[in-house]
Structure formats: C-alpha cells, structure tokens
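Here is what each chain is made of, one letter per residue.
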Amino acid sequence: MDSRRRPLDSEELARYSRQIRLPSLGLAGQETLKNSSVLIVGAGGLGSPAAIYLASAGVGRIGIADDDRVDVTNLHRQPLHDTSDVGLEKVDSARARIEALNPFVRVDAIRGRVTSGNALAVIESYDLVIDATDNFATRYLLNDACVLAAKPLVYGSVDRFEGQASVFATKDGPCYRCLFPTPPAPGAVQSCADAGVLGVLPGLIGTIQATEALKWLLGLGESLAGRLLLVDTLGVRFRTIEVERDPNCPACGTREIRALIDYDEFCARPAYAAAGPAIAGTISPRELSSLLNNGEAITIIDVREPYEWNIGRIPTARLMPLGSMPDAAAAIDRNSDIVVYCHHGVRSDLAAQDLVEIGFRHVRNLIGGIDRWSREVDPRVPRY
Ligand SMILES: [Zn+2]
C-alpha cells in the first residue's frame, strides 16, 4: 500500500456508495482499495473481467501487461476490447476502456513481454499480481517471481469447458510449482487459440480472480490460498480441493530457485516420463562409492553453490554451480561417464537433464545428493 493514504472525494463516495454500505467493507475498506495496486499480466480472456471489476470496485492503481494486439477472434471472450479496437495494442485498448469506466483509477500500460529479465522490477510496486496469461512459461515465471518477491499471485486458467483458480505464493500457502512441479510436455496442452474456448468461461474464472484479489486486499473472508478451485461449466460443478505447500518445492519449499531462469527453455523440456531414451539415469551413493573404489573413471560434478561446496564434498568432484550449467560443462568430453549431485538431488536432476539435452550420453543423478552420501558413505562430510 502507498505510505501516504489518499482519502476518497465526494464523487468517489457516491460512486462506491453501494459497496461502502457493506458493513465488512465500509469507508475504511473503500479507502484501502483506492490505495491498493494490482498488476494484471495478460489483457485477454481472464484479464478482461479481472480489470473491469477491479477498476469498477475502485482499486486505485492497475497495471496491465500485454505484448499483443487486439484481433477480431479475441472479441468473443475479451470484453476489455471492442470491434473498433482491432489492430490496437491491447494495453492501449484496455487503458481506454478502464479510464472510460472509472476515471479515478490510474492505469499503468506495460507494453511487451514480462520476462525473466524484467519480472521482478515490474511486480515490485504492486500489492498483488493476477496471472491472466495463457502459456506455461509465463505462468512459471510469474510464480517464481511472486515467491521471490513475496507477492500473492492470483492464478486462473481455462481449458475448453473447465477452469481453475487459486491464490499462490502467500506466506504459508503453496505455490504453482507445489501443485505442478514440471510443465506439461510441449504440445500436450493446447492454448485457447488452438483448442477453442467458450467465451464465458474465462469471464467466470477472471471474475473469480478479481473476487479473490479484492478479498485479499480487504482481508475479507476465506481466501483460495491453500485450495484449488475446479470449475466444470458443462456439469455446473464447483469443487475446491485442499493443496499444501510441498517442502521439496524448489521455489517456496527448499527455496533453491533464487533467481529467475529461462522459462521458455524450461517449458520446452520434454516431460520426464515422455523423454524416451534421452533421459538421465540415477545412481545411489553406495553404488557410486563402489564404482569409485573399483577405480572407474567417473566425472563427478557438484552443482551446488560455493558456500555449500566449502561445507563438504565428494573428494574428486568438480564444482559447477547450477547457474553456470550447462555452459560450464562445455570443457568436458561428452562421452565421459558423469555423475551430478547437489544437496538433496533436486537441482542436480535439472542439471542432469540439461547435460543430456546438450548431448552428454552417460549422465546420472546422485539420488539424495551429498546429504545421503554423508549418511550412507562418508559421515565425515557434515550434513547441513
Ligand atoms: Zn511451491
């Protein structure tokens, strides 16, 4: 929230009177909304109702990020834009619509893609972020950025006749990665453009996202944080399932993700199960120990950070922190027998996949990492 709280003027008091009348909202709640800011990433099917309702409700500052132009095929599900807007940048059309709807709202039109390079700077000045995108790369990017920046992320997605919504990256709740640790195989899930979508469905889910955003800003009711809402429009069924934070989640659990990665690359990676023969193998600490004792030539790569390396390591390992991979591995013969490890085996699993993808033939991930190595092979390596 802004440090200098701005009061409502008489026109605003009239405009919001039916909302101020709600005892649990009141004048104080309406002032809170005026002094709140929400970033909506995506000015399409989900972003349209979210932006319209948040602006109508009196959220003082709304950022809209989009890199697309209005197309005539968008209009059945994107009421931020109308026929005369076709060809305009969506952020311009959205701003004009919101300003016409409520001149008391400040609109930040954020052009271009939200990327790993700019996401943290873009979200920094907002109280809350709404994921109104339709692609997995941006979804993981926003998730990781919101976890790193400690901003609540109101999630929504639609697929044909079904939709989902939740609130992620809250102080104690799960994040998107807790539920969906790996992206679907490329091509396994089609976009709205490819699969088709009933226009009203993103309207419904985007409106739920706006509702959750308002509740969060006002501290009202029971948030969807910790629950996933599943909406089936054909059966008219709304269900919520409990979802918990995964202690092994690399974003919000172990917090191994300390910087934003290349999400296009992350989502282009084939899902592990579908990767076929080009998949890294695994090895247990005892197996590795016996191979080393037999004098096998194995290149051991430690992908942890230098401070972890200083705590303890496998003697013949080479340090190549995850962030330096796979480039750092360029000096290694692609035919060598490679074992990668980290603290618990999660980061090294990513590194192993990267190495396989750039052509290394014999890559294995050390199951359980240095921690299990310490427990099962060499107790002199301190556990941390
Ligand atoms: Zn998580």
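Residues numbered from 1 in each chain as written. Predicted model: local features only at pLDDT ≥ 70, side-chain atom pairs only at ≥ 80, totals over all residues. Heavy atoms only, no water.

**A word on the sheet that holds strand β10 (residues 299-302)**
Inclusion rule: One bridge is not enough; two strands pair if DSSP finds at least two bridges between them. Secondary structure counts use DSSP, requiring at least four H or I residues in a row for a helix and at least two E residues in a row for a strand, with both numbered from the N terminus. Residue contacts are counted whenever heavy atoms from the two residues lie within 4.5 Å of one another. Only the stretch in contact is used when a helix axis is fitted, and all axes are lines through C-alpha atoms; the angle between N-to-C directions ranges over 0 to 180 degrees.
Strand order in the open sheet made by the five strands is β9-β13-β12-β10-β11, with parallel pairing throughout. Each edge of the open sheet is held by one strand with a lone partner, namely β9 (281-283) and β11 (318-319). In the sheet, β9 pairs with strand β13 (residues 362-366) via three bridges, with the strands oriented parallel. Residue pairing in the sheet places G281 in a bridge with R364 of β13. This element, helix α12 (residues 285-293), spans β9, β10, β12 (337-341) and β13 of the sheet and lies at about 80° to β9.

**Some remarks on the confidence of the model for the protein**
We count it as follows: Confidence scores labelled pLDDT are given residue by residue by the predictor and lie between 0 and 100.
Chain-level pLDDT for the protein is 91 on average; 93% of the residues reach the 70-or-more range. In this model residues 271-277 is a low-confidence stretch, pLDDT under 50, and it forms seven contacts with partners more than four residues away in sequence or in other chains.

**A few points about a nonpolar patch on the surface**
We count it as follows: Only residues whose relative accessible area exceeds 30% and that form no salt bridge are eligible for patches; like-charged ones are grouped when within 9 Å, while nonpolar side chains (Val, Leu, Ile, Met, Phe, Trp, Tyr) are grouped when within 5 Å. The Shrake-Rupley method, run with a 1.4 Å probe, gives the accessible areas here. Residue values count only the displayed protein chains as cover. We define a salt bridge as a side-chain nitrogen of Lys or Arg found within 4 Å of a carboxyl oxygen belonging to Asp or Glu.
Side chains of F161, L198, V200 and L234 sit close together on the surface and give an oily, nonpolar patch of about 390 Å² of accessible area. Looking at the element boundaries, L234 is found in the loop between β7 (227-232) and β8 (237-242).

**Structural notes on the coordination of the zinc ion**
Ideal geometry at a metal gives 109.5 degrees between four tetrahedral donors and either 90 or 180 degrees between six octahedral ones. For clarity, the threshold we go by: Metal donors: N, O and S atoms at distances within 2.8 Å, or within 3.2 Å for Na, K and Ca, with water omitted from the atom set so that some sites may seem incomplete. Any site counts as irregular unless it has four donors with all angles between 85 and 135 degrees, making it tetrahedral, or four or six donors with opposite ones more than 155 degrees apart and the rest between 65 and 115, making it square planar or octahedral.
Around the zinc ion, the protein supplies C175 (SG), C178 (SG), C249 (SG) and C252 (SG) as donor atoms, at distances of 2.2 to 2.3 Å. Considering all four donor atoms around the zinc ion, the spread of angles at the metal, 90 to 125°, places the coordination shape in the tetrahedral class.

**With respect to the packing of helix α4 (residues 47-57) against helix α10 (residues 200-218)**
Between two packed helices, both the angle of their axes relative to each other and the distance between the axes serve to describe the pair. Selection criterion: Here the angle decides the label: under 35 degrees means roughly parallel, over 145 means roughly antiparallel, 65 to 115 means roughly perpendicular, and every other value means oblique. Take the far helix as your reference; a near helix turned counterclockwise from it by less than a right angle gives a left-handed crossing, and one turned clockwise gives a right-handed crossing. The nonpolar class holds Ala, Val, Leu, Ile, Met, Phe, Trp, Tyr, Cys and Pro. Asp, Glu, Lys and Arg form the charged class, and all remaining residues, Gly among them, are polar.
Where α4 meets α10, the axes come as close as 7 Å, and the angle between the chain directions of the two elements is 40°. Here α10 runs oblique to α4, going by the angle between their axes. Here the hand of the crossing between α4 and α10 comes out right-handed. The segment α4 lies against α10, with P49, A50, Y53, L54 and A57 engaging P202, G203, G206, T207, A210, A213 and L214. Of the residues assigned to the contact of α4 with α10, the class counts are nine nonpolar, three polar and no charged.

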